[in-house]
Amino acid sequence: MTKTTYAVQWFDEEENRWRSNGPRSITMAEGMSELELHRSHYPSIVARLVEIETITTIHDVILTAPSEA
């Protein structure tokens, strides 16, 4: 199963790395809204929207009762 979410990242110039500190958005439209909101509050900080793809593998596990000796 694959799940795609979106997150706003901003560039921390002091540490020279990208950071993310908000919730992930379910849709790209929600992510774009979050990015626009971030840019309106912090116009001087470089920000971007990133797509995060999470892959979940589900395995069937069959449990049996222990045999009596």
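See above for the structure.
Residues numbered from 1 in each chain as written. Predicted model: local features only at pLDDT ≥ 70, side-chain atom pairs only at ≥ 80, totals over all residues. Heavy atoms only, no water.

*Asks:* So what about the pattern of salt bridges? Which residues, and what values?
*Replies:* Going through the model one piece at a time under the given rule, you end up with three salt bridges. Within the structure, one salt-bridge network assembled from shared partners comprises Asp12, Glu15, Arg17 and Arg19. (Salt bridge = Lys/Arg side-chain N within 4 Å of Asp/Glu carboxyl O.)

*Asks:* Before we move on, can you summarise the sheet that holds strand β1 (residues 2-12) with the specific residues and values?
*Replies:* Read across the open sheet, the three strands follow the order β2-β1-β3; overall the sheet is antiparallel. Two strands close off the open sheet at either side, each with one partner strand: β2 (17-19) and β3 (47-55). Sheet twist, expressed as the average angle between the axes of neighbouring strands with direction ignored, equals 45 degrees. The pairing of β1 with β3 spans nine bridges and is classified as antiparallel. Looking at the pairing, alanine 7 lines up with valine 50 of β3. This element, helix α1 (residues 28-41), spans β1 and β3 of the sheet and lies at about 150 degrees to β3. (Pairing = 2+ DSSP bridges. Helix = DSSP H or I, 4+ residues; strand = E, 2+ residues; numbered from the N terminus. Axes fitted to C-alpha atoms, helices over the stretch in contact; angles between N-to-C directions. Contact = heavy atoms within 4.5 Å.)

*Asks:* Break down the packing of aromatic side chains for me, citing the residues and quoting the values.
*Replies:* Applying the stated criterion across every chain, the model contains one aromatic pair. Relative to tryptophan 18, the ring of phenylalanine 11 lies with its centre 5.2 Å away and its plane at 65 degrees, an arrangement referred to as edge-to-face. The partly exposed category is assigned to phenylalanine 11, whose relative accessible area is 22%. (Phe/Tyr/Trp six-rings, centres within 6.5 Å; stacked < 30°, edge-to-face > 60°. Buried < 20%, exposed > 50% of the residue type's maximum accessible area, 1.4 Å probe, protein only.)

*Asks:* Provide a residue-level description of the pairing of β1, including the pertinent values.
*Replies:* Direction of pairing for β1 relative to β2: antiparallel, over a ladder of three bridges. From the neighbouring strand, phenylalanine 11 faces β2, where its bridge partner is tryptophan 18. Following β1, the chain reverses through four residues before pairing antiparallel with β2; asparagine 16 in that reversal takes a positive phi of roughly 55 degrees.

*Asks:* Quick one: what's the story with the side chain of aspartate 12, residue by residue and with numbers?
*Replies:* One can find aspartate 12 in strand β1. Separated by 3.3 Å, the side chain of aspartate 12 and the backbone nitrogen of glutamate 15 make a polar contact. Once residues within four sequence positions are removed from consideration, aspartate 12 is found in contact with Arg17 and Arg19. (Polar contact = N/O pair within 3.5 Å; in protein donor to acceptor, adjacent residues only side chain to side chain.)

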